Amino acid sequence: MSTSTSSDESTTDSEKNLKLSDIGSNDDNSDSLSQKQLKTTFKREKIKKLKSSDQFRALFRKNLRLQKRSKKSNCCVGFVALFVVFLIYMMQLLTNKYLNFDREENKNPTKFEFDALPAMTVPFSSKDNGPFLSTFQPRLSQILTTSIYPPEFYTKHPTVLTAEEDLDSLDDYLFETFNENDDLVVSGFYMNSMDLGAGKKELDYKVYYNESGSNVVFGNERRTHRDLGQTIYLPTVVNLINRAAFAKVWEDSGVNGTIDDTYGYNLTGPDIRVGLKNFPVTEGKNQFDLVLFVQPFYYTFLVHFLLPVFMIIIVYEKENKLVDIMIMFGLKMKVYWSVNYIFNFTIYMFLILVFYIAGYILQFRFFIQNNFLAHFLLFILWGFSMVSFGFFLSTLFRKVRTASLIGYFLVIILTLVSNLVWDNIIADKGTGTKTLCMFLPSFAIYSGIKVLSDHSSISVEGFKFSNFDASSEGLGMQYLMLFADTILYLLITGYLYAVLPSTGGKKSPFFFLNPKMYKRLFRNMKKKKKNNQDDDSDDVERSQPISSDDGFELNEDPRGEDIPEDVERERQRVIKNNDPIKLINLYKVYKGQDGNPDVNAVNCLTLGIRLNECFGILGPNGAGKTTAVNVLSGLFPATSGTAKIRGFDIKKEMSKVHTIMSVCPQHDILWEEQTGEETLEFYARMHGYKKKKLDEKVEQTLNEVGLYSDRKKLIKEYSGGMKRRISVACALITNPKVIFLDEPTTGLDPASKRQVWDVIRKARKEKSIILTTHSMEEADSLCDRIGIMANGMLRTIGESQELKSRYGKGFKFMVHCNIEDDEKVKNFIKKTFPNANEMNSLAGTSNYEIPSDEVVLSEVFQILEEQKNELGILDWGISQTTLEEVFHEITRIAEGQAQLEI
Ligand SMILES: Nc1ncnc2c1ncn2[C@@H]1O[C@H](COP(=O)(O)OP(=O)(O)OP(=O)(O)O)[C@@H](O)[C@H]1O
């Protein structure tokens, strides 16, 4: 013999006994034993507020952990930063080496070894005289003042050729006049020996000349030989000295006359030794500094590089509905944004720190030449505005893939645009245009870097707050605009998040024009101030009493008089009772897309869930179960009607509801890069668990859902069933008062399912649970009451047993006997159960449906056990109508009604 109910496999022994004793009771009123255990009297209560500091800590740790694990993007950012630093370093090196001539050599020009230069013999030829010497006869004593250049030149540059007593003083003199004065010293010479007396003919001297080949300085525009209007060659100077030397010899020897070309040729054959040496010059007078050209671009690019990272962090959590789930667990959005702001800024500061260290170690002129505060302030303000700008951009993307692709592309575009557009178009415009353009923060940072970069040249002084006058560009406008951009983009982000449906925005685009909003804000501020003065109310919320005088009024159900009796009875019960969860006339209509009609996903749902109750919602696909849960948990707003959860109205006080509820959504919403343990820790921390208590709670919950041994695995390494279990664990760990479980055991193996059932069963104490499921076994086993929905409406409601009695066709009775006894047994059945309906009969096995009012189980047992041997019954069994059959019956009726409506 076998006797079973549909839930036999799943129920505990005590439950089985209870249900067997209930079989056939056909109990329609709500006075059964389990009903008595459920409390409907829910009153005003104090609810502990979630602390912002706990949430801050939990979020910051989570962000830090996830950032550490996003190795790819970190490596990418690190690599780009290093590459840019390397490029700048190489350029500076190259610029210094090849464009800033003799930098090393001339560091200490006075120590230059004159004698180390090779001596050379210069042919003495009047043909090299140059244009001014053909008629000129100098004396050595005259050389310093003699005009060999046009007169106007001397008004500017009095000293042309100089001689000093010894090499050192000549060296010093040339260096000083050449580098520090405006006077132009064309050349210098030192006479080593001069013996042109009879038979000797020796002349040994050394000439300082400019390496460019002309006797002028290359390093400064003002001193180019173009000032002279002609080119003076080295041989000219050599000839000048030679001539002066000979003139002196002749003067000494009393020869009178002039030196002309003929004279020169007559004096053939003297040994003339001329040493040649470059002018000593100061270092760093180069005209073209490659670094200055590329530096603004590179620096702008580098500081933009974190922009996509900031966007991705937010879009990832938006795309995967992680923000939504955190909100449902009580996250305050102001904490969310603050943490992300501070966290992103910290990452940025880390990059800037590395940049500064590299900059100072590698001696980037941008850093060492300019005032520290000037560039530091610029980078700090850019950091603030970039984080705000990143927030703003994050509102425009729904998918991480798009955000990262476009984000990195945007970095290049913004850098290029700011570089090209600013340099070629905006830089020459007036302050108004510049200011306007700086509302794009990239322009502000680019122009700031450009100002500092212009001060990083070797030839100019670094930027100091004191050294710019009206004509030179300061940084005030950049600082101001970066600050303004920070505020502006935060406001825009806040606005877009409030109104854009894609970001979960629910407000009208003109919400800020509504004076009520400001009144409410003002009232809340006043209330908060008052609460703060009140000692004990600081960390508690007070829920409002729920009662029949809540002002709730029942709308007429769309079905009118066709409304099922039990559903109408529940509606009347709810309005009179104080259930912790009360749904009143709840509607949710999804607007039809692409010409499709609107969908009434939830249609005038009115029901109540009591304390200690686990309420099951069953229904076919598309019945509206998930939508109902989503509306109750605040994912979507209700179209009309409302619900009160522990006294808080979901229309007005959803944020308070979030502090006392938790949810296990239909699809797992988890951070793939966190371990199971870290995920639970996150939610527990958000709800104020700390240290030892936190560890204990996490360990206990992991054990309950059977994931303790897998706690260190990343979520992405979890199987589907493991993810489901961790989602259930998340819903339980925060010790909520109201739990929404949307198909919590989908995909679980039978053992895991049973484990989760045990956890839920234990958890319902002092709580109210709404559970949606497709498993009749689960509903039968776990739920104190069940509501079956179809097409958005509640079709029936009651305890499992009630529903079976109400919608089932009684009992199923099976009897098996030898074929020769078949007739005898059939007659016995007909006599005992006159209304029994034979469903089928084959080879001695017959199945019957027996109306429940004909069955008194104890009598059936007795009769059959007494007569089975006499009748030749080999086996028999009786089972009640299953919940599945009830479900099919309800959906069949609902479909019929829907057909009629069409
Ligand atoms: N975001 C949405 N936009 C438009 N229509 C939606 C949306 N979500 C659900 N619906 C529609 O609302 C109705 C109810 O869907 P819902 O997901 O609530 O059903 P369900 O009972 O949870 O189904 P299932 O058992 O398959 O999870 C369906 O007709 C569905 O197509």
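The model shown is predicted, which means the values in this text are computed figures rather than measured ones.

Undergrad: I'd like a description of the overall build of the protein, backed by residues and values.
TA: Along the backbone of the protein there are 31 helices and 22 strands. Taking the contacts inside the protein whose residues are at least 6 apart along the sequence as the reference set, 75% of them involve residues at least 24 apart. For the protein, the accessible area works out to roughly 43100 Å², and carbon and sulfur atoms hold 55% of it.

Undergrad: How would you summarise the pairing of strand 17 (residues 785–790) if you had to cite specific residues and measurements?
TA: Burial analysis of strand 17 places six of its six residues in the buried class, the great majority of the element. Along strand 17, one buried face is formed by Arg 785, Gly 787 and Met 789 and the opposite face, lined by Ile 786, Ile 788 and Ala 790, is buried too. As defined by bridge partners, strand 11 (residues 613–618) adjoins strand 17 across four bridges and the pair is classed as parallel. Its bridge partner being in strand 17, Gly 616 is matched across the sheet by Ile 786. The sheet contact formed by strand 17 and strand 18 (residues 793–798) spans five bridges and is antiparallel. Paired with Met 789 across the two strands is Leu 794, which belongs to strand 18. In this structure, the hairpin formed by strand 17 and strand 18 is closed by a connection of two residues, where Asn 791 is found at a positive phi of approximately 50°.

Undergrad: Summarise the environment of Ser 453; cite the residues concerned and give the values.
TA: Turning to its location among the elements, Ser 453 is positioned in helix 17 (residues 441–454). Distance from Ser 453 to Asn 370, taken between C-alpha atoms, is 8.7 Å for residues 83 residues apart in sequence. Among residues more than four places away in sequence, those in contact with Ser 453 are Leu 292, Gln 295, Pro 296 and Phe 366.

Undergrad: Tell me about the site of the ligand, and please be specific about residues and values.
TA: What surrounds the ligand is a group of 14 residues, the closest being Lys 625, Thr 626, Thr 627, Gln 666 and His 774. For the ligand, an oxygen atom lies 2.9 Å from a polar atom in the side chain of Asn 621. Within the side chain of Thr 626, a nitrogen or oxygen atom sits 2.7 Å from an oxygen atom of the ligand. When the free accessible area of the ligand is taken as 630 Å², the share hidden by the protein chains comes to 63%. Put simply, the parts of the chain that give the shell around the ligand at least two residues each are strand 10 (599–609) and helix 21 (625–632). Counting residues per element, the shell around the ligand draws most heavily on helix 21, at three residues. Of the residues that constitute the shell around the ligand, the class distribution is five nonpolar, seven polar and two charged.

Undergrad: Break down the packing of aromatic side chains for me, citing the residues and quoting the values.
TA: For any two aromatic rings, the description comes down to two numbers: the centre-to-centre distance and the angle of the planes. Tallied over the entire structure, the rule returns 43 aromatic pairs. A centroid spacing of 6.3 Å and a plane angle of 65° characterise the contact between Phe 355 and Phe 379, whose relative ring orientation is edge-to-face. Within this pair, whereas Phe 355 is found in helix 12 (residues 333–361), its partner Phe 379 is found in helix 14 (residues 372–394), the two being separated by 24 residues in sequence. In this structure, Phe 355 and Phe 379 share a single accessibility class: buried. Centroid distance Phe 364 to Phe 367: 6.5 Å. Interplanar angle 20°. Geometry classified as stacked. We note that Phe 364, like Phe 367, is buried.

Undergrad: With reference to specific residues and values, describe the UniProt feature "transmembrane region" (unreviewed entry) in the protein.
TA: When the UniProt feature table is mapped onto this chain numbering, "transmembrane region" (unreviewed entry) sits at residues 75–94, 297–316, 337–361, 373–393, 405–422 and 479–500. Note that residues 373–393 is 100% helix and 0% strand, and that its end C-alpha atoms are spaced 29 Å apart. Helix makes up 95% of residues 479–500 and strand 0%, with an end-to-end C-alpha separation of 31 Å.

Undergrad: Can you break down the pattern of salt bridges residue by residue, with the values?
TA: Under the counting rule described, the total for this entry stands at 34 salt bridges. In this structure, Glu 565 and Arg 569 form a salt bridge, with 3.8 Å as the shortest nitrogen-oxygen distance. A residue pair is termed a helical-turn pair when its members lie 3 or 4 positions apart in one helix, as Glu 565 and Arg 569 do in helix 20 (residues 565–576) at four residues. Residue Arg 569 is classed as partly exposed on the basis of its relative accessible area of 39%. Linked through salt bridges whose partners overlap, the residues forming this network are Glu 570, Arg 573, Asp 579, Arg 610, Glu 613 and Arg 785.

Undergrad: Please provide a residue-by-residue account of the pairing of strand 14 (residues 661–664), values included.
TA: Taking every second residue as pointing to the same face, both faces of strand 14 are buried, with Met 661 and Val 663 on one and Ser 662 and Cys 664 on the other. Relative to strand 15 (residues 738–742), strand 14 runs parallel, the two sharing four bridges. Each residue of the ladder has a partner; that of Met 661, found in strand 15, is Val 738.

Undergrad: A description of the sheet that holds strand 12 (residues 640–645) should follow, citing residues and the corresponding values.
TA: Strand order in this open sheet of four strands is 10-9-12-13, and the pairing throughout is antiparallel. Both outer strands of the open sheet, strand 10 and strand 13 (648–649), are each paired with one neighbouring strand and no more. In the packing of helix 20 onto the sheet, contacts are made with strand 9 (581–590) and strand 10, and the angle to strand 10 comes to roughly 60°. Strands in contact with helix 21 are strand 9, strand 10 and strand 12; relative to strand 9, the strand with the most contacts, it is inclined by about 115°.

Undergrad: So, the packing of helix 10 (residues 307–319) against helix 14: which residues are in play, and what are the values?
TA: Closest axis-to-axis distance for the helix 10/helix 14 pair is 8 Å, and the angle between their directions is 40°. Classified by the angle between their axes, helix 10 and helix 14 sit oblique to one another. Note that helix 10 runs across helix 14; the crossing there is right-handed. Between helix 10, through Leu 307, Phe 310, Met 311, Ile 314, Val 315 and Lys 318, and helix 14, the contact on the second element is made entirely by Met 386, Val 387, Phe 389, Gly 390, Phe 391, Leu 393 and Ser 394.

Undergrad: So what's going on with unusual backbone geometry? Residues and values would help.
TA: Despite not being glycine, Asn 585 has its phi angle at roughly 45°, a positive value. The backbone of Asn 791 shows a phi angle near 50°, a positive value even though the residue is not glycine. Tracing the sequence through the fold places Asn 791 in the loop between strand 17 and strand 18. Since its relative accessible area comes to 42%, Asn 791 is described here as partly exposed.

Undergrad: With reference to specific residues and values, describe a nonpolar patch on the surface.
TA: A contiguous nonpolar surface patch, about 510 Å² in accessible area, is contributed by Tyr 360, Ile 368, Phe 372, Leu 373, Leu 377 and Phe 465. Of all the elements, helix 14 adds the most residues to the nonpolar patch, at three residues. Examined against the element boundaries, Phe 372 turns out to sit in helix 14.

Undergrad: Which residues make up the nonpolar core, and what are the values?
TA: The biggest cluster of nonpolar side chains holds 141 residues, and the ones touching the most others in it are Tyr 299, Tyr 348 and Phe 379. By residue number, the principal contributor to this core is helix 12, which donates 14 residues. There are two domains that each give this core at least three residues, and those are domain 3 (292–503) and domain 5 (610–636 + 657–802). In contact with Tyr 348, other than residues within four places in its own chain, are Val 303, Leu 306, Phe 310, Phe 379, Trp 382, Gly 383 and Met 386. Residues Cys 614, Ala 779, Leu 803 and Val 886 belong to the second largest nonpolar core, which totals 27 residues.

Undergrad: How would you summarise the sheet that holds strand 18 if you had to cite specific residues and measurements?
TA: A sheet is described by the order of its strands in space; here six strands give the open sequence 14-15-16-11-17-18, paired in mixed fashion. In the strand order of this sheet, the two ends are held by strand 14 and strand 18, each with one partner. Ignoring which end each strand starts from, the neighbouring axes of this sheet average 15° apart.

Undergrad: Account for the side chain of Arg 571, with residues named and values stated.
TA: As for its position among the elements, Arg 571 is in helix 20. Relative accessible area serves as the criterion here: at 5%, Arg 571 is assigned to the buried category. Within the structure, the side chain of Arg 571 is placed 2.9 Å from the side chain of Glu 568, a separation counted as a polar contact.

Rules used throughout
Residues numbered from 1 in each chain as written. Predicted model: local features only at pLDDT ≥ 70, side-chain atom pairs only at ≥ 80, totals over all residues. Heavy atoms only, no water. Helix = DSSP H or I, 4+ residues; strand = E, 2+ residues; numbered from the N terminus. Contact = heavy atoms within 4.5 Å. Areas by Shrake-Rupley, 256 points an atom, 1.4 Å probe, with all protein chains shown as cover. Buried < 20%, exposed > 50% of the residue type's maximum accessible area, 1.4 Å probe, protein only. Pairing = 2+ DSSP bridges. Near = heavy atom within 4 Å. Polar contact = N/O pair within 3.5 Å; in protein donor to acceptor, adjacent residues only side chain to side chain. Nonpolar A, V, L, I, M, F, W, Y, C, P; charged D, E, K, R; others polar. Phe/Tyr/Trp six-rings, centres within 6.5 Å; stacked < 30°, edge-to-face > 60°. UniProt positions renumbered as here; feature names shortened; annotations may be inferred. Salt bridge = Lys/Arg side-chain N within 4 Å of Asp/Glu carboxyl O. Axes fitted to C-alpha atoms, helices over the stretch in contact; angles between N-to-C directions. Parallel < 35°, antiparallel > 145°, perpendicular 65-115°, else oblique. Left-handed = near helix turned anticlockwise from the far one by under 90°. Patch = residues over 30% accessible without salt bridge, like charges linked within 9 Å, V, L, I, M, F, W, Y side chains within 5 Å. Core = buried A, V, L, I, M, F, W, Y, C linked by side-chain atoms within 4.5 Å. Domains from an automatic or database assignment.

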